[in-house]
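# Commentary on secondary and tertiary structure
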Amino acid sequence: EAFNVLQVNKSAEALTLTGNVTVSSNLTMAGAGGTFNVAASTLEVSGNLTVGATDTLRMNGAGTLKLSNTSTANISGMFRALGSRPRVTSIGAAGYAWNFKSGCTVDVTALDFFNVGTAGMVVEKANNITNLDNVWNGVRGSVSRHAVSARRSSSSAITRRWSAGAPTSTGKSAPHATRTRTT
């Protein structure tokens, strides 16, 4: 199904995709505690993606979220990814911006994270990071993958573990395709 602009206003209810959806402009979640679940579908957003402070964007399954090279994802509520390796990637070759805003909740136990823009994944301070494990990042078409993990320590700082450059099919170490930083 195709939409120009999509605003999800689910008050403490869940909306689960049962088919692919294309949004040619912005997708905004601005309800009161609603959940938008990509499930095993593909959600393509050409504009910005905004998850409000009380809302949840959930990817539990083999679903795919595609963002354009001009898109910015601002997650102020909860982002949850788990299950059969859901994927966030770009529509084209260039990357998008991904921001975990201050105060959001991150619960990721499985995620393929591909083609993010040069700013990388931004994790602002004062977040509730339950899990940020088993995240693989890279560039579309590349055989190299790099593991990312981050957990909140007792001092509220974000700790990050990157692989030291996973070998590619040629046996050489590949550079990381994304960065994670705290602001």
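Next up on the list: the overall build of the protein chain. If you tally the helices and strands in the protein chain, you get zero helices and 22 strands. By residue count, 44% of the 183 residues in the protein chain fall in the buried class. Long-range pairs, those at least 24 residues apart, make up 41% of the contacts in the protein chain between residues at least 6 apart in sequence. Of the roughly 8200 Å² of accessible surface on the protein chain, 49% is carried by carbon and sulfur atoms.

The next subject is the packing of aromatic side chains. Enumeration according to the criterion identifies five aromatic pairs in this entry. Between F79 and F100 the ring centres are 6.0 Å apart and the planes differ by 50°, which places this aromatic pair in the tilted class. Of this pair, F79 sits in strand β12 (residues 78–82) while F100 sits in strand β14 (residues 96–100); the two residues are 21 residues apart in sequence, bridging distant segments of the chain. The exposure class assigned to F100 is buried, which follows from its relative accessible area of 2%. Of the aromatic side chains, those joined through ring pairs into one cluster are F79, Y96, W98, F100 and F113.

Of all eight residues making up strand β17 (residues 116–123), six are buried, and the element is well covered by its neighbours. Examined bridge by bridge, β14 and β17 share four bridges and lie parallel to one another. Opposite Y96, over in β17, you have V116 as the bridge partner.

A few words on the environment of N69. Looking at where N69 falls in the secondary structure, it is placed in the loop between β10 (64–67) and β11 (72–75). Residue N69 is classed as partly exposed on the basis of its relative accessible area of 47%. Separated by 26 residues in the primary sequence, N69 and G95 have C-alpha atoms spaced 4.8 Å apart. Setting aside its immediate chain neighbours within four residues, N69 contacts A94, G95 and Y96.

Within the secondary structure, G95 is located in the loop between β13 (87–90) and β14. For the pair formed by G95 and L67, sequence separation is 28 residues and the distance between their alpha carbons is 8.2 Å. With near-sequence residues (within four places) excluded, G95 lies in contact with S68, N69, N115, V116 and G117.

Relative to the helices and strands, S41 is located in the loop between β6 (35–37) and β7 (42–45). Reaching out from S41, the side chain makes a polar contact with the backbone oxygen of G19 at a distance of 3.3 Å. Residue contacts for S41: discarding those within four places in its chain leaves L17, T18, G19, N20, G63 and T64.

For the coordinates displayed, the defined rule picks out five salt bridges. When the shortest N-O distance is used, the salt bridge between E13 and K10 registers 3.2 Å. A salt bridge links D112 to R87, with the shortest nitrogen-to-oxygen separation between them at 3.3 Å. In this pair, D112 sits in strand β16 (residues 111–114) while R87 sits in strand β13, placing the two residues 25 residues apart along the sequence. Judged by relative accessible area, R87 falls into the partly exposed class, the value being 30%.

Each value, and the rule that gives it
Residues numbered from 1 in each chain as written. Predicted model: local features only at pLDDT ≥ 70, side-chain atom pairs only at ≥ 80, totals over all residues. Heavy atoms only, no water. Helix = DSSP H or I, 4+ residues; strand = E, 2+ residues; numbered from the N terminus. Buried < 20%, exposed > 50% of the residue type's maximum accessible area, 1.4 Å probe, protein only. Contact = heavy atoms within 4.5 Å. Areas by Shrake-Rupley, 256 points an atom, 1.4 Å probe, with all protein chains shown as cover. Phe/Tyr/Trp six-rings, centres within 6.5 Å; stacked < 30°, edge-to-face > 60°. Pairing = 2+ DSSP bridges. Polar contact = N/O pair within 3.5 Å; in protein donor to acceptor, adjacent residues only side chain to side chain. Salt bridge = Lys/Arg side-chain N within 4 Å of Asp/Glu carboxyl O.

So far we have only geometry, and geometry alone does not tell us how the molecule works.
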